[in-house]
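Fold and contact review
Letter by letter, the chains look like this.
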Amino acid sequence: MDFDLRRLLGAEKGRPAYVLAGGPSLLSLDPAELGGAVLLGVNHAVWLHERLGFPQLDHWFFFDIVVPESIADPRDYPGVRVWTDITTGAFLRGRGLRQGRDYETVLLGSCMEPERTDGKLHTRGSTLGAALTFAWLLGCDPIYVRGLDFQNDAEGRTHWFAPPGAGEPNARGQPLSATDYRPQVDFLRGLLAHVKASGVTVTVKAAAWLADGPYVPPWLQEPVVGETPMCAPRAMA
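Note that the structure is a prediction, hence the values are computed from the model and not measured.

Now for the environment of H159. By the element assignment, H159 lies in the loop between β8 (143-146) and α5 (182-197). Under the relative-accessibility criterion, H159 is labelled partly exposed at 32%. With 134 residues separating them in the primary sequence, H159 and S25 have C-alpha atoms 8.2 Å apart. Residues in contact with H159, not counting those within four places in the same chain, are G22, G23 and P24. Within polar-contact distance, the side chain of H159 engages the side chain of T158 at 2.9 Å.

Right, here's the structure in full:
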């Protein structure tokens, strides 16, 4: 049975949260900045503690069996709460993990403007969207999004855990850019705007090597393309 997200509504009201993606700009983030915050990470972010000395995650999100199969076994992180989808949950169960103890499954949606009580975490090809929705449901404020780069760094990396020059180019053989992730970018821009409109302070800092001061990544400066998808929220009584 999927976890009833109503149980967590407002559970961390007023606490700051950091939502950690996988971009190489995380290499410039001072772990001391994260102290006292609720930490939410996606996919490889569970490695940040052991590899970069970050505080351990509070919540870890993944929706692909590649993560528990090739990256990390949730049982190796007993203090981290694991959130996944039904399909990946079935894979974990087949590996001997127990739902409710080792992981929880949640319903997923793809709405840019979700209801807080629709019972879903929202993602459209970006697990980061689910983590952001989760922080919003918890009542965290402010919410800091870090590592959401959508581009190579100066040394060619596409992810914080990749060695210099190891970033994969796009189909044209050029460095990655927001255009390579257009559906996810449009969705996340809309979702971020919606969370901000609810009164929550949200800041996104990425590609820190491009500027000494506050930096707004290019993908956040463009207008949202396309229409907001149908949400069909399922109100929770």
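What follows picks up the thread again.
Turning our attention to helix α4 (residues 127-138). If you check α4, its first and last C-alpha atoms are 17 Å apart, about what 12 residues at 1.5 Å a residue would give, namely 16 Å. Burial of α4 is extensive: 12 of the 12 residues sit out of reach of the surface. Residues of α4 that are buried include every one of T127, L128, G129, A130, A131, L132, T133, F134, A135, W136, L137 and L138, and no others. Following α4 by one or two positions, G139 adopts a phi angle in the positive range, close to 90°.

Cut-offs applied
Residues numbered from 1 in each chain as written. Predicted model: local features only at pLDDT ≥ 70, side-chain atom pairs only at ≥ 80, totals over all residues. Heavy atoms only, no water. Helix = DSSP H or I, 4+ residues; strand = E, 2+ residues; numbered from the N terminus. Buried < 20%, exposed > 50% of the residue type's maximum accessible area, 1.4 Å probe, protein only. Contact = heavy atoms within 4.5 Å. Polar contact = N/O pair within 3.5 Å; in protein donor to acceptor, adjacent residues only side chain to side chain. Expected span 1.5 Å × (residues − 1).

As far as function goes, none of this settles anything; it's purely spatial.
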